[in-house]
Amino acid sequence: MSKHPKVSKRGAIPPFFVMEVMRAAAEREAAGLEVLHMEVGQPSTGAPKGVLDAAHRMLDADVLGYTGSLGIPALRSAIARWYRDRYKVDVPDRRVVVTTGSSGAFQLGFLAAFDPGDRVAMASPSYPAYRHTLTAIGVEPVELPTGPEHRFQPTIELLEKLDKPVQGLIVASPANPTGTMLSREELTELSAWCDANGVRLVSDEIYHGLTYGPEAVTAAEVSESALVVNSFSKYFSMTGWRLGWMIVPDDLIRSVECLAQNLFISAPSLSQAAAVAAFDCTEELDGHVARYARNRSILLEELPKAGFDKLAPADGAFYVYADVSAMTDDSEAFCKRILAETGIACTPGIDFDPARGHRFVRFSFAGSEETIAEAARRLIAWKR
Ligand SMILES: Cc1ncc(COP(=O)(O)O)c(C=O)c1O
């Protein structure tokens, strides 16, 4: 008699519900029906021209083998320069680590900073992969229930109310799904609280560059001990190139290097070589941001007319997070109905907040202006 091999408990993490929406949208498209995509959190544009040109040159001239585990020197220097030019912060090249998307950065950073059994706090709602990645490595995610009164961001008061200490705090400014941001003062205070309490601050800065008021502040400016995570996926419009980076505090560099050698060997070499040019493409990239800003204005103006009148501030990123409790207490069924009756795909809040997300829906405005304007028209007509 054969024995069944074991299946790990740590691998049993929840799915990404947005993928279910994407599947339903794909089925609709396969049946010949139109879909207005407001579920996906990625730019509808490709990489900037300078990056594409550099990639073509590399394909012709290079064998594209493995690179050093921390990234190619030219890219690490270009990233350090970006911090000097953009944020006026001096980050030595040795602290810059190139990763396979920010998703790869989280794996390396979390493994280097936390042990099984540790507890890591984050706002709820927030990007679901924080919770799920931590769970998969035996670290307990600790959710801080936030609402409009906290601008959906962690506060010291919420942290101090916890019944047991935490070893880490994840912040994201601008955040997914709400788009809200932390001011310089708030980030500085959270960072000081972390330092005073032996808590590792992890700052997800993937939506930097996509802001519609004040610019985002980097934790690299206010903390030497924070782990800063960023990516080429959003502002740089290079999602599928799977490239990100970390600014790693000195005490974690060696662990991160050994983990990177063993888990990834290196980030994709073509993407790394081409991404050096991305920092010279800001004119093209800022054009995308101007479109997001127009899309955001359309939604903030039109969504209330469709009954979506309780919206998170959307200071940055490309999302509007709507409290739909006046319309439903089952956001998953509600999103299915919106897709079936209007052709608009949007994301139920349960991905971001398992406890209260059944009362929220996220609309992405990363698409074209025509898509967003048409979606707004359809939602208003649907409401009536
Ligand atoms: C807040 C946030 N962090 C990280 C990621 C992961 O991005 P990537 O692995 O493409 O860098 C995403 C993707 O949507 C995100 O929204």
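*Asks:* Looking at this structure, how should I read the overall build of the protein?
*Replies:* Tallying secondary structure elements over the protein gives 13 helices and twelve strands in all. Its C-alpha atoms give the protein a radius of gyration of 21 Å, near enough to 21 Å, the size a compact globule of 384 residues would have. Expressed as a percentage of its 384 residues, the buried residues of the protein come to 54%. Contacts spanning at least 24 positions in sequence make up 74% of the contacts within the protein whose residues lie at least 6 apart. Here the protein displays about 16700 Å² of accessible surface, and carbon together with sulfur accounts for 53% of that area. Seen as two clouds, the 39 positive and the 49 negative side-chain charges of the protein have centres 3 Å apart.

*Asks:* Honestly, the domain arrangement of the protein in this entry has me stumped. Any pointers?
*Replies:* The accessible area lost on association of the parts is a frequent measure of interface size. The assigned domain composition of the protein is domain 1 (10-46 + 282-383) and domain 2 (49-279). The C-alpha-based centres of domain 1 and domain 2 are spaced at 25 Å. Each partner contributes to the interface: domain 1 provides 36 residues, whereas domain 2 provides 39 residues. For the pairing of domain 1 and domain 2, the buried interface totals around 3000 Å² over both sides, and the portion due to carbon and sulfur atoms is 58%. Viewed at the interface, domain 2 and domain 1 are joined by one salt bridge. Across the pair R151 and D315 runs a salt bridge whose closest N-O atoms are separated by 2.5 Å.

*Asks:* Can you walk me through the pairing of strand β8 (residues 244-247) in this structure?
*Replies:* Residues in a regular strand project their side chains so that they alternate between the two faces of the sheet. Side chains G244 and M246 project from β8 onto one buried face, and the interleaved W245 and I247 project onto a second face that is buried too. Pairing geometry for strand β2 (residues 96-99) and β8, over four bridges, is antiparallel. Of the residues in β8, the one forming a bridge with T99 is G244. Here strand β7 (residues 227-231) pairs with β8 via four bridges, running antiparallel. By the bridge assignment for β8, S231 is matched with G244.

Parameters and conventions
- Residues numbered from 1 in each chain as written.
- Predicted model: local features only at pLDDT ≥ 70, side-chain atom pairs only at ≥ 80, totals over all residues.
- Heavy atoms only, no water.
- Helix = DSSP H or I, 4+ residues; strand = E, 2+ residues; numbered from the N terminus.
- Rg over C-alpha atoms; globule rule 2.2 N^0.38 Å.
- Buried < 20%, exposed > 50% of the residue type's maximum accessible area, 1.4 Å probe, protein only.
- Contact = heavy atoms within 4.5 Å.
- Areas by Shrake-Rupley, 256 points an atom, 1.4 Å probe, with all protein chains shown as cover.
- Lys, Arg positive; Asp, Glu negative; His and termini not counted.
- Charge placed at Lys NZ, Arg CZ, Asp CG, Glu CD.
- Domains from an automatic or database assignment.
- Buried area = accessible area lost by both parts, 1.4 Å probe.
- Salt bridge = Lys/Arg side-chain N within 4 Å of Asp/Glu carboxyl O.
- Pairing = 2+ DSSP bridges.

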